[in-house]
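Below are the chains, spelled out letter by letter.
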Amino acid sequence: MSFRLQESAFDPRQAAVDVTLPAGQGWTHELAPGDTFRIVDLEGNQAVDTLFFNSRDVDERYSATETIRAQGNIYLSTGTRLMSSEGRPLLTIVADTCGRHDTLGGACSAESNQVRYALEKKYMHNCRDSFLLALARYGHGMGKRDLPNNINFFMNVPVTPAGELTFADGVSGPGRYVEMRADTEVLVLISNCPQLNNPCNAYNPTPVRLLVWPKG
Amino acid sequence: MTTHLHEMLRGGQAWSRRVARHQRLRLRDVEGRACVSALFYNARDPIERYNMPDTLKAQFTAFLTTGRVLFSDMGRVLCSIVADDCGWHDTISGIGGAEAAAARFGEGSYQTLRNEFHRNGRDNLLVELGKHGLGKRDVVSNVNFFARVAVDDSGALAWIPANSRAGASVELRFEMDTLVVLSNTPHPLDPDARYHPPPVELLLGDGAPAPADDRCRLSRPENGRGFALTEAYAVEMGGRL
């Protein structure tokens, strides 16, 4: 399997940013080259829908397909270079105590919830709404065109050799984290997933902790 | 059936066209080993576009074939795959750019090869998107018709050679007015080091709406709800129904 477990030596008490993001909330943050960014799954099995942009030219953004081709594997873990649409690394995963993260499952939306579950589910809170609100607040004219398919940290979406896409129980647990180092100026966009219709959050969306250590 | 277009897409060529609701577009791999990379947009409002994850999640699949549909990011069906004698079309492995093409095929510049130069998929998409006022922000995970990439239990990707064959075709029925953008360029995981993408035949004709017992509509309850949302949108836009 592709699990590459790696702990980090960084001390949360020395982090420059240390915030707890409740389930159902969006978040943006700019990283400088060399900054280290950690996401902690505080209570376990929480999907953290995430996109990255080159903050100096947001037309260059995270590409799931460039990322999986660059490493020849669909699962993200320690050592994965998170590639941009221009084929350049935006960040590199440097520590991971979960071991597997998804980048094929995308983000939930009001409309995809209608398709997947029932037409009456349109009112339910979803990741795309959080992405759109976070981008609207961030400004710079960013919006729905700036939502390519994302990473789902801590989510397990296996593909079988026969080509089936499955949604398996999470492989994460309370306190597990993934940590990445920015290779360039990076805008981080997160939706801490509010999905209640499937087991991606174990039917109980929970907060995550976000930490940043500046380049030391 | 009225034929609106019948043309040969040359190896390396890019193509874009608006296709009307209920029209059918057939792509035929004339020689075998083709790869046609494709993106799809709502022709009236192109910020609505093909969404690979939503397409895969709704149908619990990691590839495309007959009976499956291509969902937009608004829960609607852009088009349905009504016929396919290839059997597997990739949508998880993306499209290659200029640097990867140069590394694999050598320089291949216009200056030395004139119109046989090595066109690459990403640049082809940007050229065609530019004709419609679109650009880098509109490039999302695409479909690679006639290509197959397998995923093993560890998540490793493997290129499957000879997935297609001479004469294989796939036929799409459009459920919305759609802007179709194609690039007939080598798949980025195909190890063939020679640049010689084969021609692909395009045939566009009229067709009928999906009947109540349509295979694509009924293949999953998710698809039925996607058709319901698409038909409601046709009403919203002043169309038939």
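Residues numbered from 1 in each chain as written. Chains lettered and ligands numbered in written order. Predicted model: local features only at pLDDT ≥ 70, side-chain atom pairs only at ≥ 80, totals over all residues. Heavy atoms only, no water.

Quick look at the packing of aromatic side chains
Residue and element names in this part refer to chain B. Taken as a whole, this structure holds eight aromatic pairs over all chains when the rule is applied. Geometrically, the ring pair formed by Phe40 and Phe174 is tilted, given 6.3 Å between the ring centres and 40 degrees between the ring planes. Note that Phe40 is positioned in strand S4 (residues 36-42) and Phe174 in strand S12 (residues 168-174), a separation of 134 residues in sequence. By relative accessible area, Phe40 is classed as buried at 1%. Among the aromatic side chains, those forming a connected cluster through ring pairs are Phe40, Tyr50 and Phe174. (Phe/Tyr/Trp six-rings, centres within 6.5 Å; stacked < 30°, edge-to-face > 60°. Helix = DSSP H or I, 4+ residues; strand = E, 2+ residues; numbered from the N terminus. Buried < 20%, exposed > 50% of the residue type's maximum accessible area, 1.4 Å probe, protein only.)

Details of empty space enclosed by the protein
All chains considered together, the criterion is met by six cavities of 30 Å³ or more. Considering only enclosed or pocket space, the largest cavity measures out at about 240 Å³ in volume. If you trace the largest cavity, you find 21 residues lining it, with Leu147, Pro148 and Asn149 of chain A together with Asn51 and Asp73 of chain B closest to the centre. Only helix H3 (127-138) of chain A together with helix H1 (52-59) of chain B provide two or more residues apiece to the lining of the largest cavity. Counted by class, the lining of the largest cavity contains 10 nonpolar, six polar and five charged residues. What the second largest cavity holds in volume is close to 180 Å³. If you trace the second largest cavity, you find 16 residues lining it, with Ser63 and Thr65 of chain A together with Val139, Val140 and Ser141 of chain B closest to the centre. Looking at the lining of the second largest cavity residue by residue, the classes come out as six nonpolar, seven polar and three charged. (1 Å grid on protein atoms, 1.4 Å probe; cavity = no way out; pocket = protein on both sides within 12 Å on 5 of 7 lines; lining within 4 Å. Points joined across faces, edges and corners; volume = space filled by probe spheres on them. Nonpolar A, V, L, I, M, F, W, Y, C, P; charged D, E, K, R; others polar.)

Regarding the confidence of the model for chain B
Per-residue confidence for chain B averages 97 on the pLDDT scale, and 99% of its residues sit at or above 70. The ipTM, which scores confidence in the relative placement of chains, is 0.97 for this predicted complex, and the corresponding pTM is 0.97. (pLDDT = per-residue confidence, 0-100.)

A word on the interface of chain A and chain B
Taken together, the contact between chain A and chain B spans 47 residues of the former and 47 residues of the latter. Of the roughly 3800 Å² buried between chain A and chain B, counting both surfaces, carbon and sulfur atoms make up 54%. For chain A, the biggest contributors to the area lost against chain B are Arg69, Val115 and Arg145 of chain A; these three give 21% of the whole. Scanning the region where chain A abuts chain B turns up six salt bridges. Residue Arg122 of chain B pairs with Glu86 of chain A through a salt bridge whose shortest N-O separation is 3.2 Å. Counting across the interface, chain A meets chain B through 26 residue pairs in polar contact (both at pLDDT 80 or more). Breaking the side of chain A that touches chain B down by element, the ones donating at least two residues are helix H1 (64-71) and helix H2 (110-116) of chain A. Element by element, the count of residues in the side of chain A that touches chain B is highest for H2 of chain A, at five residues. Residues belonging to the side of chain A that touches chain B are distributed by class as follows: 19 nonpolar, 15 polar and 13 charged. (Contact = heavy atoms within 4.5 Å. Buried area = accessible area lost by both parts, 1.4 Å probe. Salt bridge = Lys/Arg side-chain N within 4 Å of Asp/Glu carboxyl O. Polar contact = N/O pair within 3.5 Å; in protein donor to acceptor, adjacent residues only side chain to side chain.)

A short note on the state of the cysteines
Linking two cysteines covalently through their sulfur atoms gives a disulfide. Taken as a whole and assessed by the stated rule, the structure comprises zero disulfides over all chains. Not engaged in a disulfide, the cysteine Cys127 of chain A finds its nearest cysteine sulfur in Cys193 of chain A; these two sulfurs lie 3.7 Å apart. Look at Cys127 of chain A and you get buried, because its relative accessible area is 0%. Lacking any disulfide linkage, Cys86 of chain B is separated from the closest cysteine sulfur, that of Cys35 of chain B, by 11 Å. (Disulfide = S-S within 2.5 Å.)

Notes on unusual backbone geometry
All names here are of chain B. Here the phi dihedral of His22 falls at roughly 80 degrees; this positive angle occurs in a residue that is not glycine. With respect to the helices and strands, His22 occurs in the loop between strand S2 (14-19) and strand S3 (24-29). Given the relative accessible area of 7%, His22 is considered buried. Even without being a glycine, Arg114 presents a positive backbone phi close to 50 degrees.

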